[in-house]
Amino acid sequence: LDDLMQKGYVLSEKNKSGEACKIWLEVWNRLKSKFTPSMKSIEDAEGVFFGQQNLFNWCQDLEGELEIATRNDNSFHEKRIEYCNEFISLFPETDALIIHNMKIAVAESLFGIGDPAKGEEAFLKLIEEYPENIWGYIGWGDMYCIPFFEKNAADYDKAEKIYKMALGKN
């Protein structure tokens, strides 16, 4: 697994995100069989893998690489949603910032697959759960201010309203 993980990093450095993600998702699928129900956070699961990387960092790198891969291949939105939802489900007691970022990734990718209604719902749930974290608002507003996805047209008024919701938050 360590060799595959390192191969993914080499591909990532060569800007071959899709290839890196395919390898890393294979690693993730193999690792999942080693996780037990008593492992409630990614820190709890660190003991199942001994390699050059630690799982805490690598799991976040995988999410980030999936986001990059979506730029060239829309099918990675679905893979990103699936991975992040699995991570959240397996490790609900992981550091709140990581869980928050995984939930942003899901919401963004829902927009990416052309389902802004579900993306809106995910962002609303996120800011309800983390009302003081401005990054949920920023991520949501960006879906309208910076049309990342061809399917979504810019709506600057809506983006501004969402961004203003973050004023006074931490």
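Rules and cut-offs
- Counting starts from 1 at the beginning of each chain's written sequence and moves along it residue by residue.
- Totals for whole chains, interfaces and linings use all residues, but because this is a predicted model, local features are given only for residues with pLDDT of at least 70 and pairs of side-chain atoms are given and counted only at 80 or more.
- Heavy atoms from the whole structure form the basis of all side-chain values; hydrogens and water molecules are not counted.
- Only DSSP runs of H or I covering at least 4 residues are called helices, and only runs of E covering at least 2 are called strands; the numbering of each starts at the N terminus.
- Only the C-alpha atoms count toward the radius of gyration. The rule for a globule is 2.2 Å times the residue count to the power 0.38.
- Burial classification: accessible surface area is computed with a 1.4 Å probe over protein chains only, and a residue below 20% of its type maximum counts as buried, one above 50% as exposed, and the rest as partly exposed.
- Contacts: residue pairs with any heavy atoms within 4.5 Å of one another.
- We get accessible surface area from the Shrake-Rupley algorithm with a probe of 1.4 Å; when it comes to residues, only the shown protein chains can shield them.
- Neither His nor the chain ends contribute to the count of charged residues, in which Lys and Arg are positive and Asp and Glu negative.
- For this purpose, a charge sits on NZ of Lys, CZ of Arg, CG of Asp or CD of Glu.
- A pair of aromatic rings is counted whenever rings of Phe, Tyr or Trp (Trp by its six-membered ring) have centres within 6.5 Å, and the orientation is called stacked for planes under 30 degrees apart, edge-to-face for over 60 and tilted otherwise.
- Lysine and arginine charges are scored as sitting over a ring when NZ or CZ, respectively, is within 6 Å of the ring centre and within 35 degrees of the ring normal.

Student: Help me understand the overall build of the chain in this model?
Tutor: Tallying secondary structure elements over the chain gives eight helices and zero strands in all. Put simply, the chain runs from its N terminus to its C terminus through helices and strands in the order α-α-α-α-α-α-α-α. Taken over C-alpha atoms, the radius of gyration comes to 17 Å for the chain, in line with the 15 Å a tight globule of 170 residues would show. Taking the principal axes of the C-alpha coordinates as reference, the chain spans close to 50 × 35 × 20 Å. For the chain, with 170 residues in total, the buried portion stands at 44%. In the chain, 55% of the contacts between residues at least 6 apart in sequence involve partners at least 24 apart. Counting only carbon and sulfur atoms, one obtains 51% of the accessible surface of the chain, whose full area is about 9000 Å². Counting 19 positive and 30 negative side-chain charges, the chain places the centres of these two groups 4 Å from one another.

Student: Explain the packing of aromatic side chains here, please?
Tutor: For any pair of aromatic rings, the description rests on two quantities: the centre-to-centre distance and the angle between the ring planes. Taken as a whole and judged by the stated rule, the model has 11 aromatic pairs. Consider the rings of Tyr83 and Phe87, whose centres lie 6.3 Å apart with planes at 50 degrees: the pair is tilted. Linking Tyr83 with Phe87, this pair stays in helix H4 (residues 75-90), spanning four residues, or about one helical turn. For the pair Phe87 and Phe91, a centre-to-centre distance of 5.4 Å together with 65 degrees between the ring planes defines the contact as edge-to-face. The buried category is assigned to Phe87, whose relative accessible area is 1%. You can call Phe91 buried: its relative accessible area is 0%. Of the aromatic side chains, those joined through ring pairs into one cluster are Trp28, Phe35, Tyr83, Phe87 and Phe91. Geometry around Phe76 places Lys79 over its ring, the cationic atom sitting 5.1 Å from the centre.

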